[in-house]
Amino acid sequence: MSNFFKIKNYINGEMVEPVAGQYLDNIEPATGQVYSLVPDSDAADVERAVDAAEKAFPAWSKMPAAHRSKILCKIADLIDLDVDRLAKTETIDNGKPLSLARSLDIPRCSANIRHFATAILHFHSESHVTDGVGLNYTLRGPRGIAGIISPWNLPLYLLTWKVAPALATGNTVVAKPSELTPMTAHMFSEICREAGLPPGVLNIVHGLGAKAGAAIVGHKKISTVSFTGGTVTGREVAKTAAPFFKKVALEMGGKNPNIIFADADMDAAIQGGVRASFANQGQVCLCGSRMYVEEKIYPTFLEKFVAAAKMLKVGDPLTEGVDQGAVVSKTQLEKVKFYVDLARQDGGKFHCGGSSPTDLPARCRDGYFFSPTVITGLSPTCRVNQEEIFGPVVTITPFKDEDEVVALANGTEYGLASTVWTQNLARAHRLGDRINSGTVWVNCWMIRDLRVPFGGMKQSGVGREGGLEALRFYTEPKNICIQVPGV
Ligand code: NAD
């Protein structure tokens, strides 16, 4: 019997073992070594979680919004008090640099919760006077039990992004975090208990997607499903949910264009471009993995961009000053290598990277590292430029004019996000309109306002999260129509 720490499921307010007693290894990406065990839950565990969520629903949904809000704000406060421990845990679990976990991931978790905990206090429904005949008003109530499935790249950030609006609106939740990064969700369970979240309101079942995840999506008592993950998985989730006519939001992959016009502030575009290409080892759905640079500045831009990419320090993510940690798993590393090999076969020119670094500290010898990689000379239609790699790999392609770059930007099946660098205000607005993606950033990347609708077009998503969209997603509108002659 191994001595590794065993993560437990969080069901009905208790930390419980999986019914079948089975566990999976949880591996630290920076070392490639097992460091804890995660429940390999199945339909029986999901059943227990649904049962608890069902029992908790009447009281939680009827609780005054201000009271729910107070409990959620307490959870946010406890996260803030525990940033250092949570950030370190996330770095060990995920491989991302500690500085990133501390400055972005964990603060965003409490921000998510506080945002929706306070938004619910201002959420209102509509009423319509039907001239001379009657009065309509809309009731909006929680939909019941929400099933939430989240990925590994921003583990607690994306879990709380969904859990917070679901709970704020009075739903109860059965959630499954990624089996690759379960540890911060486990700590979150402890925080929820400490904050006094009533038992059964949030239940976290750990395990594999095809087993525990599919059991959640296919459970007939779960009426709302919010999923973030890959497009292939999203298709499975949609198929499983469809026969039950569930309300489903799918946040999926991206192959986001990052467009630099000749009139852009080049230093800002390089700095922003390096972040957009390599943040979190390129494992952000919003990363700009296809760069398009106007011909006039292409040689200078390329030289400066490659020089900046080469400055990134790859190393032990727990060490201060490291810019790039490990990718999340051996499978993900192999996927990155597969696409890099494809780029080689397609005649791509490598300006930096293209392999794993060789100068890692001894602790990280067996970790899953890959150097920041810049490739040019590939056709816009090749697989490397069409498919999501989700690693520290960026391609750069020159373009002639606005029409050409709009066609290139829109020329994939994805439509999650895009970035445009230009000083020309009219062009910025025009491209904002012409590029088919859920978010278009101008002269910036990854500025997030939690009030705006967030999501993707085409194969990147269905439905929107964020702000009012999320509060609406987790509630069911019902129209009441009263005849009022003469109104
Ligand atoms: P993934 O699709 O492999 O897994 C996501 C989650 O789905 C995990 O919890 C997994 O266990 C679960 N899952 C797998 N099969 C399932 C099934 N049949 N039924 C139910 N659940 C199942 O994705 P990943 O590798 O964890 O994350 C990376 C992907 O997520 C990338 O494609 C990235 O672009 C995407 N992503 C999108 C957004 C967005 O907001 N659009 C944000 C972050 C990540």
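Note that the coordinates shown come from a computational prediction; the quantities given were computed from them, not determined experimentally. (Residues numbered from 1 in each chain as written. Predicted model: local features only at pLDDT ≥ 70, side-chain atom pairs only at ≥ 80, totals over all residues. Heavy atoms only, no water.)

Peer 1: I keep staring at the overall build of the chain and nothing clicks. Help me out?
Peer 2: Helix and strand counts for the chain stand at 15 helices and 23 strands. A compact globule built from 487 residues should have a C-alpha radius of gyration of about 23 Å, and the chain, at 23 Å, falls within 12% of that. Projecting the C-alpha coordinates of the chain onto the three principal axes gives extents of approximately 70 × 70 × 40 Å. Counting across all 487 residues of the chain, residues that qualify as buried make up 57%. Considering only contacts in the chain between residues 6 or more positions apart, those separated by 24 or more positions represent 75%. (Helix = DSSP H or I, 4+ residues; strand = E, 2+ residues; numbered from the N terminus. Rg over C-alpha atoms; globule rule 2.2 N^0.38 Å. Buried < 20%, exposed > 50% of the residue type's maximum accessible area, 1.4 Å probe, protein only. Contact = heavy atoms within 4.5 Å.)

Peer 1: What exactly am I supposed to notice about the sheet that holds strand E15 (residues 349-352) here?
Peer 2: One key point about sheets: their strands pair by backbone hydrogen bonds, in either a parallel or an antiparallel sense. The seven strands lie next to each other as E15-E16-E17-E14-E13-E19-E20, forming an open sheet whose pairing is mixed. Single-partner strands in this sheet number two, and they are E15 and strand E20 (439-442). Averaged over all neighbouring strand pairs, the angle between strand axes comes to 25°, with direction disregarded. Examined bridge by bridge, strand E13 (residues 257-260) and strand E14 (residues 290-294) share four bridges and lie parallel to one another. Among the inter-strand pairings, Ile259 is bridged to a residue of E14, identified as Tyr292. The strands touched by helix H13 (residues 402-409) within the sheet are E13, E14 and strand E17 (393-399), with E14 carrying the most contacts at an inclination of about 175°. (Pairing = 2+ DSSP bridges. Axes fitted to C-alpha atoms, helices over the stretch in contact; angles between N-to-C directions.)

Peer 1: Any chance you could explain the site of the ligand here in plain terms?
Peer 2: Taken together, 29 residues sit near the ligand, with Trp152, Glu179, Thr233, Met252 and Glu388 positioned nearest. Met252 is positioned such that a nitrogen or oxygen atom in its backbone is 2.7 Å from a nitrogen atom of the ligand. Coverage of the ligand by the protein chains reaches 88% of its 850 Å² of free accessible surface. Of all the elements in the fold, those that place two or more residues in the shell around the ligand are helix H7 (209-217), strand E11 (222-228) and helix H8 (231-241). (Near = heavy atom within 4 Å. Polar contact = N/O pair within 3.5 Å; in protein donor to acceptor, adjacent residues only side chain to side chain. Areas by Shrake-Rupley, 256 points an atom, 1.4 Å probe, with all protein chains shown as cover.)

Peer 1: What am I meant to see in the packing of helix H9 (residues 266-278) against helix H10 (residues 298-310) here?
Peer 2: Packed helix pairs are characterised by how far apart their axes lie and by the angle those axes make with each other. In the contact formed by H9 and H10, the axes pass within 10 Å of each other and the chain directions differ by 50°. The angle between the axes of H9 and H10 places the two elements in the oblique class. Helix-helix and strand crossings are classified by hand; for H9 and H10 the assignment is right-handed. Along its contact with H9, which presents Met266, Asp267, Ala269, Ile270, Gly273, Val274, Ser277 and Phe278, the element H10 presents Thr300, Phe301, Lys304, Phe305, Ala308 and Ala309. Classifying every residue of the contact of H9 with H10 gives nine nonpolar, three polar and two charged. (Parallel < 35°, antiparallel > 145°, perpendicular 65-115°, else oblique. Left-handed = near helix turned anticlockwise from the far one by under 90°. Nonpolar A, V, L, I, M, F, W, Y, C, P; charged D, E, K, R; others polar.)

Peer 1: Looking at this structure, I do not really get the sheet that holds strand E4 (residues 23-28). What am I missing?
Peer 2: The mixed open sheet is built from three strands, whose spatial order is E1-E5-E4. Among the strands making up the open sheet, the edge pair consists of strand E1 (5-6) and E4. Pairing of E4 with strand E5 (residues 33-39), which is carried by six bridges, proceeds in the antiparallel orientation. When the bridges of E5 are listed, Tyr23 appears paired with Pro39.

Peer 1: Sorry if this is basic, but what is going on with the pattern of salt bridges here?
Peer 2: Any two side chains of opposite charge can pair if their charged atoms end up close together. One pass over the structure, following the stated rule, counts 28 salt bridges. Taking the shortest distance from any N to any O, the salt bridge between Asp341 and Arg344 comes out at 3.6 Å. With a gap of three residues between them, Asp341 and Arg344 both fall in helix H11 (residues 330-345), about one helical turn apart. One connected set of salt bridges, linked through shared partners, spans Glu402, Asp403, Arg430 and Arg434. (Salt bridge = Lys/Arg side-chain N within 4 Å of Asp/Glu carboxyl O.)

Peer 1: Is there a simple way to explain a nonpolar patch on the surface in this structure?
Peer 2: Nonpolar side chains collect at one region of the surface, where Tyr137, Leu139 and Ile482 lie side by side and expose about 240 Å² of accessible area between them. Within the secondary structure, Ile482 is located in strand E23 (residues 475-483). Looking at Ile482, the relative accessible area reads 37%, which means it is partly exposed. (Patch = residues over 30% accessible without salt bridge, like charges linked within 9 Å, V, L, I, M, F, W, Y side chains within 5 Å.)

Peer 1: I'm lost on the pairing of E17 in this one. Help?
Peer 2: Along a regular strand, successive side chains alternate from one face of the sheet to the other. The buried count for E17 comes to six of seven residues, which makes it a mostly enclosed element. Of the pairings in the sheet, the one linking E14 to E17 comprises five bridges and is parallel in character. Across the sheet, Met291 pairs through a bridge with Ile396, a residue of E17. Of the pairings in the sheet, the one linking strand E16 (residues 373-376) to E17 comprises four bridges and is parallel in character. Following the sheet pairing, Val374 is matched in E17 by Val394.

Peer 1: Before we go on, may I ask you to explain the packing of helix H4 (residues 98-119) against helix H5 (residues 155-168) in this structure?
Peer 2: Two elements in contact, H4 and H5, have axes whose closest approach is 8 Å; the angle formed by their N-to-C orientations is 5°. With respect to H5, the element H4 is oriented roughly parallel. For the pair H4 and H5, contact is made by Leu104, Asp105, Arg108, Cys109, Asn112, Ile113 and Phe116 and by Pro155, Leu156, Tyr157, Thr160, Trp161, Ala164, Pro165 and Ala168, respectively. Residues of the contact of H4 with H5, tallied by class, amount to 11 nonpolar, two polar and two charged.

Peer 1: Explanation requested: the domain arrangement of the chain in the structure shown.
Peer 2: For an interface, size is often stated in terms of accessible area lost upon the parts coming together. What the domain assignment reports for the chain is domain 1 (5-252 + 460-479) and domain 2 (257-449). For domain 1 and domain 2, the distance between their C-alpha centroids amounts to 30 Å. Contacts between domain 1 and domain 2 engage 30 residues on the former and 30 residues on the latter. Each partner contributes to the roughly 2,300 Å² buried at the junction of domain 1 and domain 2, and carbon and sulfur atoms together form 56% of this total. Summed over the three residues of domain 1 that lose the most area to domain 2, namely Ala30, Trp152 and Ser460, the buried surface amounts to 23% of that side. Inspection of the region where domain 1 meets domain 2 yields two salt bridges. For Glu320, the salt bridge identified is with Arg102, shortest N-O distance 3.0 Å. The tally of links from domain 1 across to domain 2 stands at nine residue pairs in polar contact (both at pLDDT 80 or more). Secondary structure elements with two or more residues in the side of domain 1 that touches domain 2: E4, helix H3 (83-94), H4 and H5. For the side of domain 1 that touches domain 2, the element with the highest residue contribution is H4, accounting for five residues. (Domains from an automatic or database assignment. Buried area = accessible area lost by both parts, 1.4 Å probe.)

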